[in-house]
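Per-entry structural report
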Amino acid sequence: MTTETKWPFDQEYITSFSKEMSEPAWLTELRVQSLEKAEDLPMPKPDKTKINKWNFTQFEKLLVKSDVFSSIDELPEEVKALVDQEAKENSLYVQRNNKPAYLQLSKEMQEQGVVFTDIFTAAREYSDLLKKYFMTAVKTDENRLTALHAAFVNGGAFLYVPKNVQIKNPIQAIFLHDDAEANLFNHVLVVAEDNSSLTYVENYISTTGAANGLVNIVTEAIAGANAKIQYGAVDTLAAGLTTYVNRRGHAGRDARIEWALGLMNDGNTISENVTNLVGDGSYGDTKMVMVGRGEQTQNFTTSIIHFGKNSEGYILKHGVVKDSATSIFNGIGKIEHGASKSNAEQESRVLMLSEKARGDANPILLIDEDDVTAGHAASVGRVDPLQLYYLMSRGIPKTEAERLVIHGFLAPVVNELPIEGVKKQLVEVIERKVK
Amino acid sequence: MAGSVLSIKDLHVEIEGKEILKGVNLEVKGGEIHAIMGPNGTGKSTLSSSIMGHPKYEVTSGSVSLDGENVLDMAVDERARAGLFLAMQYPSEISGVTNADFLRSALNSRLGEGNEISLMKFIRKMDKQMEFLEMDLDMAQRYLNEGFSGGEKKRNEILQLMMLEPKIAILDEIDSGLDIDALKVVSKGINEMRGEDFGCLIITHYQRLLDYITPDHVHVMMQGRIVKSGGPELAQRLEAEGYDWIKKELGIEDETVGQEA
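The text that follows walks through the structure, step by step, so that each part is easy to find. (Residues numbered from 1 in each chain as written. Chains lettered and ligands numbered in written order. Predicted model: local features only at pLDDT ≥ 70, side-chain atom pairs only at ≥ 80, totals over all residues. Heavy atoms only, no water.)

Below, the discussion takes up the environment of leucine 119 of chain B. Residues and elements named next belong to chain B. Inspection of the secondary structure puts leucine 119 in helix H4 (residues 119-132). A relative accessible area of 45% means that leucine 119 is categorised as partly exposed. Considered as a pair, leucine 119 and arginine 104 are 15 residues apart in the sequence and their alpha carbons are 8.4 Å apart. (Helix = DSSP H or I, 4+ residues; strand = E, 2+ residues; numbered from the N terminus. Buried < 20%, exposed > 50% of the residue type's maximum accessible area, 1.4 Å probe, protein only.)

Written as structure tokens, this is what we have:
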């Protein structure tokens, strides 16, 4: 066996990269150790999707140079459209490829001790706080990609809301990918301390079509006792990007984590969304929509794992697949021993719009406790011809009728997104993709 | 211009290879209200669905025309835009699409590009018709027919009729499952539409609806054909005496045809 490293960057490079970023020693250490471990760790194994030929490990550049935006007016139109410019009290972080490019913090947040910043600044200025939570909900040694993520983190955001602080206005992060050579190892860490609440919405947006890179995203959403996190996301990364996105929640006692995810990437994507209901009385709700088109293959695994008693978990996924795309929907409700009086419910619906499209919905319930309730529903089907007939019988042309049915099908999730601009964008993206 | 003419000639229709309509002839003109009556399973609903273009029904011979235009050559949406409307017995439920969005889309499809109704004008029109039909205004923002009661669905069909103002409307058992109050409201809606430019074909089992809407012509359907036609008095006689006298008169033993879909 050779000792030659398999990765594009070795420990030495990572160490100097970390130093250049003025990162604390613990983070440098964590990067190096994670890189070391990566080789022996297995790749993630998304059920029913083979990823052995996908490139998640070879890439040219860890950082690309990008300019910052000095004001909102300078943002590209595609980004501006996502921002509610009327709402001056909103907080906004814009990252351009790997570069923290713009930050606006509301007065409300500043006065209440909220931290909202890019991941590099967080490492420098809030080192202890970051260390306490970073790679705790998702462990570095879970699989090769989480290890490589920890080793190569090159962007992301840190949001920390202290105890008893309720943030009313949505906090927004936009990750703009506009350099075809950029690779994203993005880490988003959202912490809501006890009795706090926040709404966070992120957009991953590509404005360059000819990309050929990889994306490795890890999100950790940590809700303390009685805290509430509403987490919205719309991913619209370009076709050339291969994406691994792992969004995970950790809910303490009586905490609530609600996800509203619009997964609209055009490239091959593995999405893993897990909510660990750790505390008694905790609550997890995941709503997801996705559209698959072209030749892309996507795998969406959504799990809610109940550890706490009286915990409740709800999964609702609706997806549309067209062209020759393949979309696998795995939904897992898991109730651990001791999580009595818990309830795990899930529903997955896939609508196929063409003969060659492939969709698969796999509901899984894993229950290790007697005194619980659980349920699942799953379906894979085509647009109901009788619905089309009904709409057309009122004069609506077939294409418009199909559009209405598809929008209606995805509406339960789209309507959940907390920022109007983002909701509108998602509707437009869906429109474009299903046409 | 006088009202439109829907003309059905020797219409034969199959469903899954089984002939249900065996030569229907009928002409409905603007200003006229026709009622087709008959027991279950005689082809009444098949007739209405075939005129509208339901995907399960296959017309094997005969013709349907609207003002001389061949209806059978048109797609379902073209038939609607040409001026046909079918109030369905079982309206589809469409999740995620509000009643208002649906209706505006339907109305704009008829008006054509460049002639779309303004949002304010649309809302005023819809509110007005909903009030007329004693509907809860919230129903505009509810998903199309989803979770509607039987009566609400039927009122909603009439609301669409009043919003879209077709030339010829077919009402397929609009009275089934309605209580007397709902029946009165639905009848009020149809009577409101009555006029030179509006022709209507009412399909029903019961005389009841015809107490509120007086038809100009009444037809009886059996074995996939119209076997008897008359004026309003025919409906009254059917109500009083049932269908047996017609069967006897025509020597029909089993009035049904295939299976009623």
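The next thing to look at is helix H2 (residues 25-38) of chain A. Residue and element names in this part refer to chain A. For H2, spanning 14 residues, the distance from its first C-alpha to its last is 20 Å, which sits close to the expected 20 Å at 1.5 Å a residue. Of all the residues in H2, the buried ones are Trp26, Leu27, Thr28, Arg31, Val32, Ser34, Leu35 and Ala38. The secondary structure elements touched by the buried residues of H2 are helix H1 (11-20), helix H5 (119-125), helix H6 (127-133) and helix H7 (144-152). (Expected span 1.5 Å × (residues − 1). Contact = heavy atoms within 4.5 Å.)

It is worth spelling out the packing of H2 of chain A against H7 of chain A at this point. What describes two packed helices is the angle between their axes and the distance between those same axes. Residue and element names in this part refer to chain A. In the contact formed by H2 and H7, the axes pass within 7 Å of each other and the chain directions differ by 150°. Of the possible angle classes, the one that applies to H2 and H7 is roughly antiparallel. Considering how the two elements wind past one another, H2 and H7 form a crossing that is left-handed. Contacts from Arg31, Ser34, Leu35 and Ala38 in H2 reach Arg144, Ala147, Leu148, Ala150, Ala151 and Phe152 in H7. Of the residues that constitute the contact of H2 with H7, the class distribution is seven nonpolar, one polar and two charged. (Axes fitted to C-alpha atoms, helices over the stretch in contact; angles between N-to-C directions. Parallel < 35°, antiparallel > 145°, perpendicular 65-115°, else oblique. Left-handed = near helix turned anticlockwise from the far one by under 90°. Nonpolar A, V, L, I, M, F, W, Y, C, P; charged D, E, K, R; others polar.)

Let's shift gears to the sheet that holds strand S12 (residues 225-230) of chain B. Sheet strands pair via backbone hydrogen bonds, and the direction of the pair is either parallel or antiparallel. Residues and elements named next belong to chain B. The six strands are arranged S6-S9-S10-S3-S11-S12 in an open sheet whose pairing can be described as mixed. Looking at strand neighbours, the two that pair on one side only are strand S6 (84-87) and S12, the edges of this open sheet. Each strand axis lies, on average, 20° off the axis of its neighbour in the sheet, ignoring direction. Bridge count between strand S3 (residues 33-37) and strand S10 (residues 199-204): five bridges; the pairing is parallel. Among the inter-strand pairings, alanine 35 is bridged to a residue of S10, identified as isoleucine 202. Packed on one face of the sheet, helix H5 (residues 150-164) meets S6 and strand S9 (168-172) and runs near 165° to S6. (Pairing = 2+ DSSP bridges.)

For the rest of this paragraph, the subject is H5 of chain B. All names here are of chain B. For H5, spanning 15 residues, the distance from its first C-alpha to its last is 21 Å, which sits close to the expected 21 Å at 1.5 Å a residue. The buried count for H5 comes to 13 of 15 residues, which makes it a mostly enclosed element. Following H5 by one or two positions, glutamate 165 has its phi on the positive side, about 45°.

What follows is about the interface of chain A and chain B. Taken together, the contact pairs 18 residues of chain A with 32 residues of chain B. Here chain A and chain B share an interface that buries about 2000 Å² over both sides, 64% of which is from carbon and sulfur atoms. At the boundary of chain A and chain B, one finds one salt bridge. With a closest N to O distance of 2.6 Å, glutamate 157 of chain B and arginine 394 of chain A form a salt bridge. At the level of elements, helix H8 (385-392) and helix H9 (398-414) of chain A are the ones that each hand at least two residues to the side of chain A that touches chain B. Its residues placed into classes, the side of chain A that touches chain B shows 10 nonpolar, five polar and three charged. (Buried area = accessible area lost by both parts, 1.4 Å probe. Salt bridge = Lys/Arg side-chain N within 4 Å of Asp/Glu carboxyl O.)

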